[in-house]
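For reference, the chains in residue letters:
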Amino acid sequence: MTARFTGRVALVTGGGAGLGRATALAFAREGATVVVAGRGAGALEETVKLIEDEGGRADAVTADVTGSQDVARLVATTVERHGGLHIAFNNAGVLEAGPLADMDEAAWERQLAVNLTGVFHCMKHEIAHMRRNGGGVIVNTASNVGAHMRLPFMGAYAATKAAVSALTRAAAKEYAGEGIRVNAISPGPLDTPMSMLPGETESDRAERMKDALPAGRVGTLAEAASAVLWLASPEAAFTLGHDLVVDGGAAA
Ligand SMILES: NC(=O)c1ccc[n+]([C@@H]2O[C@H](COP(=O)([O-])OP(=O)(O)OC[C@H]3O[C@@H](n4cnc5c(N)ncnc54)[C@H](OP(=O)(O)O)[C@@H]3O)[C@@H](O)[C@H]2O)c1
């Protein structure tokens with residue numbers, strides 16, 4: 001096993017579940033000290049334990065990405081406790097599907113606040129640190145549903161994720177000269193509850209995916225995490241402002 005991230009400090013939002021947890025584990029396996037963030041302390045502590053049980057280094061900091069001050073504290077705490085911030089995976093996200101005309105304003109605002117404004121808050125405070133400290137790497141989580149394809153009943157979510165993709169590319173151009181590399185990942189349906197329809201079982205989902213995706217199945221968390229690690233690694237040094245679609249061919 002290579003250790004591409006030895007001596008690096010990686011921050012992962014949404015690190016208490018799903019893709020965030022899988023990516024936190026993957027970074028730690030390759031030598032990074034990982035700070036996982038989210039609102040629920042218990043889930044974050046579980047991720048820390050999983051990493052420590054494998055001999056890795058991790059820390060949990062509760063933070064709500066919808067609050068700029070909370071994110072400023074998260075970044076400051078990461079740097080104070082671990083001596084730096086080299087990699088940020090801005091991954092916290094929520095999906096509330098439903099017909100647009102029936103969607104209440106609060107559901108629209110919640111998705112915007114977490115998926116888009118949350119990424120803005122993270123980038124703002126991470127970049128402020130990174131530009132003073134020799135640069136860094138940022139990977140944002142967009143989605144194949146957004147800039148790459150659209151589906152009915154996911155309009156609000158798609159709008160937030162298309163905006164994350166645009167924000168990623170603009171920031172990549174803005175900060176390349178300061179040694180900050182910004183990219184995004186756009187997963188398709190992954191093996192988490194977010195890819196399930198209301199009331200659906202895992203075997204219902206597996207049946208639906210046979211026709212819905214060229215790959216015929218949902219993606220594993222390891223498959224998506226490995227794409228994040230590649231974007232964050234020195235191997236991707238010439239990759240800037242890219243939004244890497246990892247979706248089993250759905251948006252092809
Ligand atoms: N799963 C898929 O099929 C899929 C496909 C395409 C894109 N994505 C994207 O991939 C990312 C991860 O998805 P997932 O399936 O792993 O989701 P998940 O299992 O629901 O995890 C989402 C994480 O985000 C955190 N979070 C939510 N609101 C937050 C807030 N306000 N502040 C801080 N953290 C917050 C949650 O923790 P707390 O609730 O404890 O805060 C949780 O750890 C999301 O951005 C999602 O949109 C997922």
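Residues numbered from 1 in each chain as written. Predicted model: local features only at pLDDT ≥ 70, side-chain atom pairs only at ≥ 80, totals over all residues. Heavy atoms only, no water.

### Re the sheet that holds strand E4 (residues 87-90)
Spatial strand order, E3-E2-E1-E4-E5-E6-E7: seven strands in an open sheet with parallel pairing. For this open sheet the edge positions go to strand E3 (57-62) and strand E7 (243-246), each flanked by a neighbour on one side alone. Put simply, the sheet's adjacent strands are angled 20° from each other on average, direction ignored. Of the pairings in the sheet, the one linking strand E5 (residues 136-141) to strand E6 (residues 180-187) comprises six bridges and is parallel in character. Bridged to Val137 within E6 is Arg181. Running at roughly 175° to E5, helix H4 (residues 105-132) makes contact with strand E1 (9-13), E4, E5 and E6 of the sheet. Its contacts with the sheet place helix H6 (residues 155-175) against E5, E6 and E7, and it is angled at close to 160° to E6. (Pairing = 2+ DSSP bridges. Helix = DSSP H or I, 4+ residues; strand = E, 2+ residues; numbered from the N terminus. Axes fitted to C-alpha atoms, helices over the stretch in contact; angles between N-to-C directions. Contact = heavy atoms within 4.5 Å.)

### Some remarks on the site of the ligand
For the ligand, the set of nearby residues contains 29 residues, the closest of which are Leu19, Arg39, Asn91, Tyr157 and Thr192. At 3.4 Å, a backbone N or O of Gly14 approaches an oxygen atom of the ligand. For the ligand, an oxygen atom lies 2.6 Å from a polar atom in the side chain of Tyr157. Listed by contribution, the elements that provide at least two residues to the shell around the ligand are helix H1 (18-29) and H6. Here the shell around the ligand is built from residues that sort into 13 nonpolar, 13 polar and three charged. (Near = heavy atom within 4 Å. Polar contact = N/O pair within 3.5 Å; in protein donor to acceptor, adjacent residues only side chain to side chain. Nonpolar A, V, L, I, M, F, W, Y, C, P; charged D, E, K, R; others polar.)

### What about the side chain of Glu30?
Along the chain, Glu30 turns up in the loop between H1 and strand E2 (33-38). Within polar-contact distance, the side chain of Glu30 engages the side chain of Arg4 at 2.8 Å.

### Regarding H1
Residue pairs spaced three or four apart in an α-helix point in one direction, given the helix's 3.6 residues per turn. Compared with an ideal rise of 1.5 Å per residue, which puts 12 residues at 16 Å, H1 spans 17 Å between its outermost C-alpha atoms and is within 8% of the ideal. A large share of H1 lies buried, amounting to 10 of its 12 residues. The first or second residue beyond H1 is Gly31, which carries a positive phi of 100°. (Expected span 1.5 Å × (residues − 1). Buried < 20%, exposed > 50% of the residue type's maximum accessible area, 1.4 Å probe, protein only.)

### A word on the nonpolar core
Grouped together as the largest cluster of nonpolar side chains are 30 residues, with contacts concentrated most on Phe27, Val34 and Val36. When contributions to this core are tallied by element, the ones reaching two or more residues are E1, H1, E2, helix H2 (41-53), E3, E4, E5 and helix H8 (221-232). Counting residues per element, this core draws most heavily on H8, which supplies seven residues. Sequence-distant contacts of Val34, defined by excluding residues within four places in its chain, comprise Ala10, Val12, Ala24, Phe27, Ala28, Ile51, Arg57, Ala58 and Asp59. With 21 residues, the next largest nonpolar core counts Leu11, Met130, Ile138 and Tyr175 among its residues. (Core = buried A, V, L, I, M, F, W, Y, C linked by side-chain atoms within 4.5 Å.)

### Looking at the UniProt feature "domain: Ketoreductase" (unreviewed entry) in the protein chain
The sites that UniProt annotates as "domain: Ketoreductase" (unreviewed entry) are residues 8-192. Annotation note: span residues 8-192, helix share 50%, strand share 19%, distance between end C-alpha atoms 28 Å. (UniProt positions renumbered as here; feature names shortened; annotations may be inferred.)

### So, the pairing of E4
Neither face of E4 is open: one carries Ile87 and Phe89, the other Ala88 and Asn90, and all of them are buried. Here three bridges tie E1 to E4, and the two strands are oriented parallel to one another. Of the residues in E4, the one forming a bridge with Leu11 is Ala88. Examined bridge by bridge, E4 and E5 share four bridges and lie parallel to one another. The partner of Ile87 across the bridge, within E5, is Val137.

### Looking at helix H3 (residues 68-82)
A rise of 1.5 Å per residue sets the reference length of H3, with its 15 residues, at 21 Å; its end C-alpha atoms lie 21 Å apart and thus fit the reference within 8%. Buried residues of H3: Val71, Leu74, Val75, Thr77 and Thr78, and no others. Axial view of H3: buried residues confined to an arc of 160°, hence all on one face. Turned more than 90 degrees away from the buried face of H3 sit Gln69 and Glu80, all of them exposed. (Arc of directions from axis to C-beta.)

### Focus: the pattern of salt bridges
By the definition in use, this model includes 13 salt bridges. Arg4 serves as the salt-bridge partner of Glu30, at 2.8 Å between the closest nitrogen and oxygen. On the criterion of sequence distance, the pair formed by Glu30 in the loop between H1 and E2 and Arg4 in the segment before E1 is long-range, its members being 26 residues apart. You can call Arg4 partly exposed: its relative accessible area is 25%. Linking Glu54 and Arg29 is a salt bridge whose minimum nitrogen-to-oxygen distance equals 2.8 Å. Taken together, the residues span a long stretch of sequence, with Glu54 in the loop between H2 and E3 and Arg29 in helix H1 at a distance of 25 residues. Exposure remark for Glu54: the relative accessible area of 46% places this residue in the partly exposed category. With a relative accessible area of 44%, Arg29 lands in the partly exposed category. (Salt bridge = Lys/Arg side-chain N within 4 Å of Asp/Glu carboxyl O.)

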